[in-house]
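Breakdown of the fold
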Amino acid sequence: MPALDDLDRRILNRLQRGFPVSERPYLEMAQELGIGEEELIARLRSMLAEGTLTRFGPLYQAERLGGAYTLAAMQVREDQYDRIARIVNAYPEVAHNYRREHALNMWFVVAAASPATVSRVLFEIERDCGHPVFEFRKLREYFVALDLPL
Amino acid sequence: MDTDSTLDELDQAIVRATQAGLPLAPRPYHDVAELVGAGPEEVMQRMQRMLERGVIRRIGAVPDHYAVGYIANGMSVWDVDDAVVDDLGEKIAHSGLVSHCYLRRRHPPLWPYNLFAMVHGRNRAEVEDKVRKIAQVLGAASNAHEVLYSSRILKKTGLRLS
């Protein structure tokens, strides 16, 4: 695990909250943080390279781009778990798949260009795996301002 | 947020040019402008507009929870009275305790839960502590809850939609 120093933490806390749309946004943020523009850019570059940051930039809301995604879960028997995981993961539309400790023990996110494609993929997964797929359609999202105070 | 206005070709080009990330250069929006063949002022105006419309949630940094030591992650799920779930969902989202907070459909009787709140911690004790605080906020409006810890990441790729 990469070690974060104080400056990394301050950068992460500040830049989780937002980044300006302006001619020299890194310079503005660097001045606020009391460092140089080049240092800020270098820190971001190395945090991205070592995986501390998964991304840096605009976070688009999938539905507003015309895309669709949903959360789904299955109850999978232990002796079939790895086989079923391989089937589910083989779908390019499956963006995330997590094992969770619950009777419903496989939770995955399906993302596609349209709601119809999402439905088709869920149907195919159910057919290929022979397990019922529970879809947890999002009815509303409550917006989180700062997801990870460091 | 207006939902009837759609993204035109230039907006879509900007999305494609930036969805993997913003250029790490002193004038990032100028670089995007060059990629999409538009003027920098135009690109900045459109990104500002997409922010105001909620097409862009925010521009910023997304830390990897595991990489920064938040290795415990629990999906807390709650059966909250429908009449008050919106108010309480907003409160939980702003509590600093969760990374995501959604209202989702129930699957009774197997699944009575409608409020999903993702909780991260350096260990399970930290997650449990946050879950207790969420329970306090929800109070009597929550009839039942569970925490589903993730024990393995089976697949993780970014969402790429256009």
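Calculation notes
Residues numbered from 1 in each chain as written. Chains lettered and ligands numbered in written order. Predicted model: local features only at pLDDT ≥ 70, side-chain atom pairs only at ≥ 80, totals over all residues. Heavy atoms only, no water. Domains from an automatic or database assignment. Helix = DSSP H or I, 4+ residues; strand = E, 2+ residues; numbered from the N terminus. Pairing = 2+ DSSP bridges. Axes fitted to C-alpha atoms, helices over the stretch in contact; angles between N-to-C directions. Contact = heavy atoms within 4.5 Å.

Time to look at the domain arrangement of chain A. Segmentation of chain A into domains returns domain 1 (6-50) and domain 2 (62-136). Between the C-alpha centres of domain 1 of chain A and domain 2 of chain A the distance comes to 36 Å.

A word on unusual backbone geometry. Cis geometry is adopted by the peptide bond preceding P109 of chain B, which originates at P108 of chain B and carries an omega value of 5°. Along the chain, P109 of chain B falls in the loop between β3 (100-104) and β4 (115-121).

Before going further, it helps to spend a moment on the sheet that holds β4 of chain B. Strand order in the open sheet formed by nine strands is β5(A)-β2(A)-β4(A)-β3(A)-β5(B)-β2(B)-β4(B)-β3(B)-β6(A), with antiparallel pairing between adjacent strands. Sheet topology places β5 (134-136) and β6 (138-141) of chain A at the edges, where each strand pairs with a single neighbour. Adjacent strand axes in the sheet meet at a mean angle of 30° when their direction is disregarded. Helix α4 (residues 81-89) of chain A contacts β2 (68-74), β3 (94-100) and β4 (106-112) of chain A together with β5 (142-156) of chain B of the sheet and is inclined by roughly 160° relative to β3 of chain A. Most of the contacts of helix α4 (residues 85-93) of chain B go to β3 of chain B, to which it runs at about 165°, and overall it touches β6 of chain A together with β2 (72-80), β3 and β4 of chain B.

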